[in-house]
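Coordinate analysis (summary)
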Amino acid sequence: MAWIFSLPSLITKHKKITPFEIHTCLNLKFIKHFCFSSVQHPHELDHCIKSNSFYESLIDNSTHITHLYQIHDKLIVSGLQHNRFLITKLVNGCSNIGHIFYARKLFDEFPDPDLFMWNAIIRSYSRNNMYMDVIEMYRWMRLVGLHPDKFTFPCVLKACSELLDFGLSCLVHAHIIVYGFGSHVFVQNGLVVLYAKCGCIDMARVVFDRLYDRTIVSWTAIISGYAQNGEALEALRLFNQMRNTDVKPDWISLVSIMKAYTDVDDLEQGKCLHGCVIKTGLEDEPDLLISLTAFYAKCGLVTVARSFFDQMKTPNNVMMWNAMISGYAKNGHAEEAVDLFRSMISRNIQPDSITVRSAILASAQVGSLKLAQWMDDFVRKSKYRGDIFVITTLIDMYAKCGSVESARGVFDRASVKDVVMWSAMIMGYGLHGQAWEAIYLYHAMKQEGVCPNDVTFIGLLTACSHSGLVKQGWELFHCMRDFGIKSRNEHYSCVVDLLGRAGYLDQAFVFILKMPIEPGVSVWGALLSACKISRSVTLGEYAAQKLFSLDPYNTGHYVQLSNLYASSRMWDRVAYVRVLMKEKGLIKYLGYSVIEINGKLHTFHAGDMSHPRAKEIFDELQRQERRLKEVGFVPHTESVLHDLNYEEKEENLCIHSERIAVAYGLITTAPGTTLRITKNLRACVNCHSAIKLISKLVEREIIVRDANRFHHFKDGLCSCGDYW
DNA sequence: GTAGGGTTAG
């Protein structure tokens, strides 16, 4: 009977078994053909086709559901339809190729399924991401009196962690203890993952600490758990602890630790881990290459990331494309991200929903309305036109590209709206200083029965502070409690901004002192910029000191303090801040503005003469200066002179990058065309006043996106109401 | 004879 065991290898010689071949096989011709010499007597042949291992190898080698249908038919004909082992095998086979409904049919038709079969159907649902069904089957199984075992619990725990049902999770944990799996390593690993996913990382840690025999899976579960809960440093500490044990990292553990380094942007540690990857000889592992690409891209070494990307052996790996595209987008290389997305499309590689979202995110950063429309068009023609995540990203993109109307169009077309989509639209209005629209939408959302969340309120509060609606903002802030939403630093900083801008500086300060959580960078930052508006040097200096201790290497805080001194004409202190920055080795950002003309982006720096039409641009600038003077415009010379936020002072104030972009827009577009400009820094006082007047003089709408928000200049006024 | 950990992301 030795030849029976060679059957699997005979079958696998056929790289892809066709239904016809399976059929042939089941008709014995196959066996006769291949094994004729081995079969001495007909009864041996008969024995062979009734043996489990014969069918087992057939099932294992089936790649199509029709194979399994035929095998099942043959089992029935051979009277083997009640063979537990083979039917369980078939259930597994069906679920492996995604035919969960046939697996369920086999299960339902089996008279008295045993624990093995129950585990098989539960695992089938788990593999096919049908977690509600996992729980349903688990309940049913207990109802019929079967005790779950060490194979049942990992699947059930996975389902709990995907469903994020904390109550259910606790119940299952209780079952685990009752049935005696309180120290089984596979089951406990599942608990670690479950608690980490539910945000109870401390509970996960308790389970992990009590684990007697920690495997690489246990370590990976706790390390990635910390990483997912935003505690990357603890994740890394545990990784180092693991390296002092006998447990050797494998590629999955390295992927999750790489993710932790990516989250904290720790280039040096990440490079060390890369070394570790090479030492373990796992550097060709495709998914590890994706993680390395994502890591280097996020940390700014896009060229290194790109070299990994270019080495990719399977060009159709969407995750690799996603890692590179999102890496470019996150790191200020938005145009490269869009280019890569386009090249992916042109190569006929199917993007998934994440690719599309990353590309839209990149388009939002580029700020070009033409590109935004192209992306919108792409989505409408694709299978993602109904994807709630993609639509939300589109709304955000249009708002960031200056067209809150188009954002609203996308929003109105969406058939299903969840809280994130409503919040994105509210945020969009906030960005454009249309606070009343934001508030109106908030009420409409509640009317639709959608409950606001913390993000909704960030949008609302931002909108109120951008428009100076102090009373409304204050009321909304207090509404949060009614929805059981805890205020975060972002909410507090909006309120500080709201009070501070409107001149209630003392109230803002008292508000900070009363905060139940430690005030963060954003809160003190809001106070400092409010101090600049009302020229409150003492309080501003206090805020700045807090900022310097919390976030010492952020150029922005020094710039803000310097602006505060400049607004109070304290030039010696302005100079002092400059020295302070030099000592810390901080350099100020180079300002630039981008304008889109006929779908092409033109970038200008301060005093930029490099454009082919520089001569015409400067003629236009001079013409504007003359007209501004004629209507009595007085440049804010002194403050600009010392304002570190803006481009190096040139002889003429009008050559800040946004003014050059406006001039270029005016000479290249038809009268009445709206100009759309994006600036990387905040708008300067002088340019802001000048552009307001220019919008009136040339009868144009000029929309400027600065680092914080949008300014819609029209008829001599700005939508920001001069608060920014 | 069955199983557990990970990556891209509104």
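The structure presented is a predicted model; accordingly, all values stated were derived computationally and were not measured. (Residues numbered from 1 in each chain as written. Chains lettered and ligands numbered in written order. Predicted model: local features only at pLDDT ≥ 70, side-chain atom pairs only at ≥ 80, totals over all residues. Heavy atoms only, no water.)

**Details of the overall build of chain A**
- Secondary structure assignment for chain A yields 40 helices and six strands.
- Projecting the C-alpha coordinates of chain A onto the three principal axes gives extents of approximately 115 × 55 × 55 Å.
- A buried classification covers 51% of the 724 residues belonging to chain A.
- When the accessible surface of chain A is split by element, carbon and sulfur atoms take 55% of a total near 34,400 Å². (Helix = DSSP H or I, 4+ residues; strand = E, 2+ residues; numbered from the N terminus. Buried < 20%, exposed > 50% of the residue type's maximum accessible area, 1.4 Å probe, protein only. Areas by Shrake-Rupley, 256 points an atom, 1.4 Å probe, with all protein chains shown as cover.)

**Side note on the protein's contact with DNA strand B**
- What surrounds DNA strand B is a group of 42 residues, the closest being Arg123, Phe186, Asp250, Asp287 and Asn322.
- Among all atoms of DNA strand B positioned within 4 Å of the protein, those belonging to sugar or phosphate total 38%.
- Here a base nitrogen of DNA strand B sits 2.6 Å away from a polar atom, N or O, in the side chain of Asp250.
- Here Thr392 contributes a side-chain N or O atom positioned 3.1 Å from a base nitrogen of DNA strand B.
- Considering each element in turn, the surface near DNA strand B owes the most residues, six residues, to helix α17 (residues 251-264).
- For the surface near DNA strand B, the class distribution of residues is 18 nonpolar, 14 polar and ten charged. (Near = heavy atom within 4 Å. Polar contact = N/O pair within 3.5 Å; in protein donor to acceptor, adjacent residues only side chain to side chain. Nonpolar A, V, L, I, M, F, W, Y, C, P; charged D, E, K, R; others polar.)

**Thoughts on the pairing of strand β5 (residues 710-714)**
- Counting buried residues in β5 gives four out of five residues, a clear majority hidden from the surface.
- Relative to β5, strand β4 (residues 702-705) is paired through four bridges, and the arrangement is antiparallel. Across the sheet, Val704 pairs through a bridge with His711, a residue of β5.
- Hairpin connection from β4 to β5: four residues lie between these consecutive antiparallel strands.
- Inspection of the sheet shows β5 paired to strand β6 (residues 717-718) by two bridges, in the antiparallel sense. Within β6, the residue paired with Phe713 across the bridge is Cys718.
- Two successive antiparallel strands, β5 and β6, enclose a turn made up of two residues, where Asp715 displays a positive phi of approximately 50 degrees. (Pairing = 2+ DSSP bridges.)

**Regarding the domain arrangement of chain A**
- The domain architecture assigned to chain A consists of domain 1 (386-583) and domain 2 (593-718).
- On a C-alpha basis, the centroid separation for the pair domain 1 and domain 2 is 26 Å.
- Roughly 1,600 Å² is buried in total at the junction of domain 1 and domain 2, and carbon and sulfur atoms are behind 51% of that figure.
- Connecting domain 1 to domain 2 are zero salt bridges.
- Linking domain 1 with domain 2 are five residue pairs in polar contact (both at pLDDT 80 or more), by the criterion used here.
- Per element, the largest residue contribution to the side of domain 1 that touches domain 2 is five residues, and it comes from helix α35 (residues 555-567).
- Residue composition of the side of domain 1 that touches domain 2, grouped by class: eight nonpolar, nine polar and three charged. (Domains from an automatic or database assignment. Buried area = accessible area lost by both parts, 1.4 Å probe. Salt bridge = Lys/Arg side-chain N within 4 Å of Asp/Glu carboxyl O.)

**Notes on the packing of helix α6 (residues 65-77) against helix α8 (residues 100-109)**
- In the contact formed by α6 and α8, the axes pass within 12 Å of each other and the chain directions differ by 15 degrees. Here α6 is positioned roughly parallel relative to α8, judged by the angle of their axes. For α6 against α8, the interelement crossing comes out left-handed. Here Ile65, Tyr69 and His72 of α6 lie close against α8, whose contacting residues are Tyr102, Leu106 and Glu109.
- Residues that form the contact of α6 with α8 fall into these classes: four nonpolar, one polar and one charged. (Axes fitted to C-alpha atoms, helices over the stretch in contact; angles between N-to-C directions. Parallel < 35°, antiparallel > 145°, perpendicular 65-115°, else oblique. Left-handed = near helix turned anticlockwise from the far one by under 90°. Contact = heavy atoms within 4.5 Å.)

**Re the sheet that holds β4**
- Taken together, six strands build an open sheet; the order of strands is β2-β1-β3-β4-β5-β6 and the sheet is mixed. Only two strands of the sheet have a single partner each, and these edge strands are β2 (600-605) and β6.

**Concerning helix α39 (residues 657-668)**
- The terminal C-alpha atoms of α39, which comprises twelve residues, lie 17 Å apart, in line with the 16 Å expected from a rise of 1.5 Å per residue.
- For α39, the tally of buried residues reaches ten of twelve residues, placing the bulk of the element in the interior.
- The set of residues buried in α39 consists of Ser657, Glu658, Arg659, Ile660, Ala661, Val662, Ala663, Tyr664, Gly665 and Leu666.
- Residues of α39 that are buried make contact with β1 (592-597), β2, α37 (614-630), β3 (675-679), α40 (685-697) and β4. (Expected span 1.5 Å × (residues − 1).)

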